[in-house]
Amino acid sequence: MRTWVRRALLLLLALEALWAVPVNLVLNTPLADRLVNRKPERFRIDWRLAVSPWPGLVHLRGVATHGQSRTIQWEARLRSVTATFALEPLRRRVVDLGQVRASGIRYAQRPRLDAGEEPPPEAFEWPPIADRKNPPDAAPGAVGPKQPGRPWTVRAGRILGGVEEIWIGRYRLAGAADVDATLDLTARGPLALPRLDFRLAAGTMQVGTLRMFEGLQLDIQARLDRFVPRGKRAVDVLRALSGRFDLEARDGSLKFLEAYFRKVQGLELNGGGPMRLHMLVEAGRLQPGSRLERSRDRIDTTFLGNRITGLGTVGAEVEPICGIPMSRVALHVPRYEVARAGAAAPFAHGEEFRLEATSANLDLTDPFADVHLDVGLEREEIPDLSVYNVFLPQASRARIVSGLGRMSWRFEGSSAERSLHGVMRFDLLDLALRFEETTLRGDVRIDATLRHGDPRGRAFDISGTSVTLEHRAPRWRGRIRFPSARLEFTEPMRIEARTRLQLQDTRPLVRIFDAFKDLSPRLERFLTIEDLKGGTGFVVRPDAVDLRDLAIEGKGLRARAELTLGDRGKEGILYVRFHGLSFGVALQPGKKRDLKLVRPLAWFERERARRPR
């Protein structure tokens with residue numbers, strides 16, 4: 001019996017030598033490179049040390065592998081990997097792995113550029129990949145042609161790995177994580193991960209240079225159903241994804257919600273704070289029960305060029321409404337400050353800023369394509385109205401000296417329509433407006449109607465808006481309505497509008513337009529008429545303000561004008577008829593007013609017809 005045992009052991013040792021010596025020799029010499037890396041432009045793998053003590057087991061250290069398809073370039077590095085496999089299926093081009101254990105996994109992936117294609121602006125945030133140019137030297141289409149013969153299939157009953165970093169495009173997840181998965185892959189064919197468990201105890205996530213999450217914990221139980229990656233966009237992978245995703249962060253940026261609001265123009269979210277996210281996904285669609293919980297957030301929101309900051313709360317959920325699953329995001333800031341986008345110092349403060357967005361589109365491949373937005377604030381105070389001087393054209397000769405502003409508004413919009421509509425009230429209290437040498441002081445109330453707004457171009461149809469004016473000394477009141485008006489909120493702003501005027505008397509007009517500068521005070525008082533009505537069209541441009549078809553009527557008064565306030569001064573024509581007395585005034589930059597006393601109306605009509613429209 002001892003003899004047979006010795007003979008069996010010697011036979012096993014001989015068989016081991018017949019396997020281990022040649023196999024390990026091949027695995028650790030350049031011969032392995034020639035056998036494995038036959039098409040390095042598509043796929044390459046290298047290792048520092050390889051050991052296969054017996055058939056069906058291999059252990060690799062210092063593994064580096066990289067490759068590319070028509071759409072991506074990728075790289076993976078592993079500190080070590082041990083795998084068991086079956087020999088017989090290799091004859092059928094099947095790699096049947098029993099169990100794979102890996103440690104120190106680092107994976108990187110970036111979009112592959114076509115030859116001659118300019119990198120996009122965010123390309124500097126993509127991961128570097130060793131020995132891979134982007135775009136590659138090969139001509140487009142050289143990588144990934146159809147290969148003759150049966151493709152290779154890879155199956156893994158269980159993959160256990162320790163992940164240190166995953167970097168895909170601009171997104172970089174770092175931290176010690178454990179993965180437990182199964183794999184079914186056919187080259188140039190379908191891919192499936194029937195089980196994918198991922199757990200990260202503490203880590204960080206960056207999007208480009210932005211630190212999105214700190215103190216990040218992830219617990220994922222998911223699956224990736226069979227799909228064919230070839231010819232698909234990276235986002236199309238989501239259609240095959242289902243599972244539960246739990247995220248908790250010590251500090252998380254609201255910027256991750258940009259996918260929700262990316263089609264809502266004029267709105268940006270930043271800020272951060274503690275976060276808890278529970279997300280349920282089925283075939284790439286968010287499911288009821290998904291929710292986001294945040295409290296005492298550092299809110300940092302930019303809306304229509306105004307940056308609103310403060311402490312507040314954010315909540316999100318997916319729940320059925322009338323039988324239809326709907327997503328809802330709600331943001332509330334009880335107290336806030338307002339600054340111009342890009343400016344550090346705030347110019348206003350207020351209370352009760354609210355934002356709510358809902359969507360029935362829960363497909364993560366094209367998330368929230370149609371979002372309904374409801375946003376508003378109850379009380380905002382602007383201590384110094386002179387901050388709005390940046391919007392007044394230099395040619396208007398008008399500047400705000402001082403004043404207190406109080407504002408409230410509510411807007412609604414739809415990303416499908418790419419438009420906003422709503423109402424705004426703006427009270428300008430004790431406003432001091434200086435026009436050349438004249439200062440007018442009083443209160444102004446603006447009741448604005450936003451019929452249509454293009455947040456991207458910052459162009460708004462405010463037809464229906466009304467302005468109420470009250471002058472302090474002397475007492476005076478007027479009202480201006482805008483039957484049609486279009487405003488571009490640039491610096492300086494552009495306005496094109498038609499107005500209807502209802503004024504107590506002509507005193508502000510006389511002072512503002514200064515047309516009667518050379519007349520005596522008695523005649524100026526004589527021309528002050530009460531209970532005026534009329535209208536005008538006007539265009540505010542960066543270099544000039546044009547008044548067109550100005551027509552005002554009062555008791556015994558009829559006045560018409562065509563005026564331009566430009567960089568060189570006032571230019572235009574004016575006609576006045578008062579109790580049978582008619583005269584015209586011609587205004588030219590740098591020249592004295594020219595009175596027209598002979599047939600002034602005919603002169604005005606003739607000059608008006610000559611003016612460009």
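Our subject is the structure listed above.
J.: I keep staring at the overall build of the chain and nothing clicks. Help me out?
T.: Secondary structure summary: the chain contains six helices and 30 strands in total. Buried residues in the chain amount to 44% of all 613 residues. For the chain, the accessible surface area stands at approximately 32400 Å², while carbon and sulfur atoms represent 56% of it.

J.: Whenever I open this one, a nonpolar patch on the surface confuses me. Can you help?
T.: Taken together, the side chains of Leu31, Leu35, Val36 and Phe43 make up a nonpolar region of the molecular surface, amounting to roughly 330 Å² of accessible area. As for its position among the elements, Leu35 is in helix α2 (residues 30-36).

J.: Quick question: what am I supposed to make of the environment of Leu113 here?
T.: Inspection of the secondary structure assignment puts Leu113 in the loop between β5 (94-111) and β6 (153-168). In this structure, the C-alpha to C-alpha distance between Leu113 and Ile72, residues 41 residues apart in sequence, is 8.2 Å. Leu113 has contacts with Pro119, Pro120, Trp126, Asn134, Pro135 and Pro136, leaving out every residue within four places of it along the chain.

J.: In this structure, what is going on with unusual backbone geometry? I would like to understand it.
T.: Negative phi values dominate among residues other than glycine, just as trans dominates among peptide bonds. Across the junction of Asn134 and Pro135, the peptide omega takes the value 5°, indicating a cis bond. Non-glycine residue Ala283 carries a positive phi angle of around 50°. In this structure, Ala283 sits in the loop between β11 (267-282) and β12 (285-286). In the Ramachandran plot, Asp549 falls in the positive-phi region, its phi being about 55° despite a non-glycine side chain. Its place among the elements puts Asp549 in strand β26 (residues 544-554).

J.: Even after reading the chapter, I still don't get the pairing of strand β23 (residues 476-488), so can you show me in this structure?
T.: The two faces of a sheet get side chains in turn, since along a regular strand they alternate between them. Across three bridges, the pairing between strand β21 (residues 459-461) and β23 is antiparallel. Within the sheet, the bridge partner assigned to Ala459 lies in β23 and is Glu488. In terms of strand pairing, strand β22 (residues 465-471) meets β23 through seven bridges, oriented antiparallel. Of the residues in β23, the one forming a bridge with Thr465 is Phe482. With nine bridges joining them, β23 and strand β24 (residues 494-505) adopt antiparallel strand pairing. Pairing of Glu488 across the sheet is with Arg494, part of β24.

J.: Could you clarify how one ought to interpret the packing of aromatic side chains in this entry?
T.: Here the distance between the centres and the angle between the planes together describe a pair of aromatic rings. Counted according to the given criterion, the structure contains 10 aromatic pairs. Considering the side-chain rings of Trp409 and Phe411, the 5.0 Å spacing of their centres and the 15° angle between planes classify their relative orientation as stacked. Since its relative accessible area comes to 11%, Trp409 is described here as buried. When its relative accessible area of 9% is taken as the criterion, Phe411 is described as buried. Seen in terms of ring centroids, Phe482 and Phe538 are 6.1 Å apart; in terms of plane orientation they differ by 70°. Their pairing is edge-to-face. Here Phe538 lies in strand β25 (residues 530-541) and Phe482 lies in strand β23, a separation of 56 residues in the sequence.

J.: Looking at this structure, I do not really get the pattern of salt bridges. What am I missing?
T.: One pass over the structure, following the stated rule, counts 46 salt bridges. Of the charged contacts, one joins Arg223 and Asp225 as a salt bridge, the two residues approaching to 3.0 Å between their closest N and O atoms. Arg223 gets classed as partly exposed once you look at its relative accessible area, which sits at 30%. Overall, the relative accessible area of 32% leaves Asp225 in the partly exposed class. Close ionic contact of Arg223 with Glu282 constitutes a salt bridge, the shortest N to O distance being 2.9 Å. In this pair, Arg223 is assigned in strand β9 (residues 210-227) and Glu282 in strand β11, connecting sequence segments 59 residues apart. Classification of Glu282 as partly exposed rests on a relative accessible area of 38%. Within this structure, Arg498, Arg541, Asp543, Asp546, Arg548, Asp549, Glu562 and Arg608 form a network of salt bridges that share partners.

J.: When you look at the nonpolar core in this model, what are you seeing that I'm missing?
T.: Note on soluble globular proteins: their nonpolar side chains tend to be buried together. Among the nonpolar cores identified, the biggest contains 123 residues, and Phe198, Leu216, Phe303, Leu331, Phe353 and Tyr388 are the most heavily contacted of them. At eight residues, β9 tops the list of elements feeding residues into this core. In this structure, Ile573, Tyr575, Ala586 and Trp603 belong to the second largest nonpolar core, which totals five residues.

The rules behind each value
Every chain is numbered independently, its residues counted from 1 as its sequence is written. Where local features are concerned, this predicted model is filtered to residues with pLDDT of at least 70; where side-chain atom pairs are given and counted, the filter is 80 or more; whole-chain, interface and lining totals use all residues. The basis for every side-chain value is the complete set of heavy atoms in the structure, and neither hydrogens nor water enter the calculation. We count a stretch as a helix when DSSP gives it H or I for four or more residues in a row; a strand needs E for two or more, and each element gets its number in order from the N terminus. Note on classification: 1.4 Å probe, protein chains only; a residue is buried when its accessible area is under 20% of the maximum for its type, exposed when over 50%, partly exposed between these limits. Methods summary: accessible areas were calculated by the Shrake-Rupley approach with a probe of 1.4 Å, and residue burial reflects only the protein chains presented. Patches here are clusters of residues that have more than 30% relative accessible area and form no salt bridge, with a 9 Å joining cutoff for like charges and a 5 Å cutoff for nonpolar side chains (Val, Leu, Ile, Met, Phe, Trp, Tyr). Here, a salt bridge means any Lys or Arg side-chain nitrogen found within 4 Å of an Asp or Glu carboxyl oxygen. Whether two residues are in contact is decided by their heavy atoms: any pair within 4.5 Å suffices. Two strands qualify as a pair provided that DSSP identifies no fewer than 2 bridges between them. Two rings from Phe, Tyr or Trp (for Trp, the six-membered ring) form a pair when their centres are within 6.5 Å of each other. A pair whose planes differ by under 30 degrees is stacked, one over 60 is edge-to-face, and the rest are tilted. We call a set of buried residues a nonpolar core when its members are Ala, Val, Leu, Ile, Met, Phe, Trp, Tyr or Cys and they connect through side-chain atoms within 4.5 Å of each other.

Scope: geometric values only; no functional claims are made or implied.
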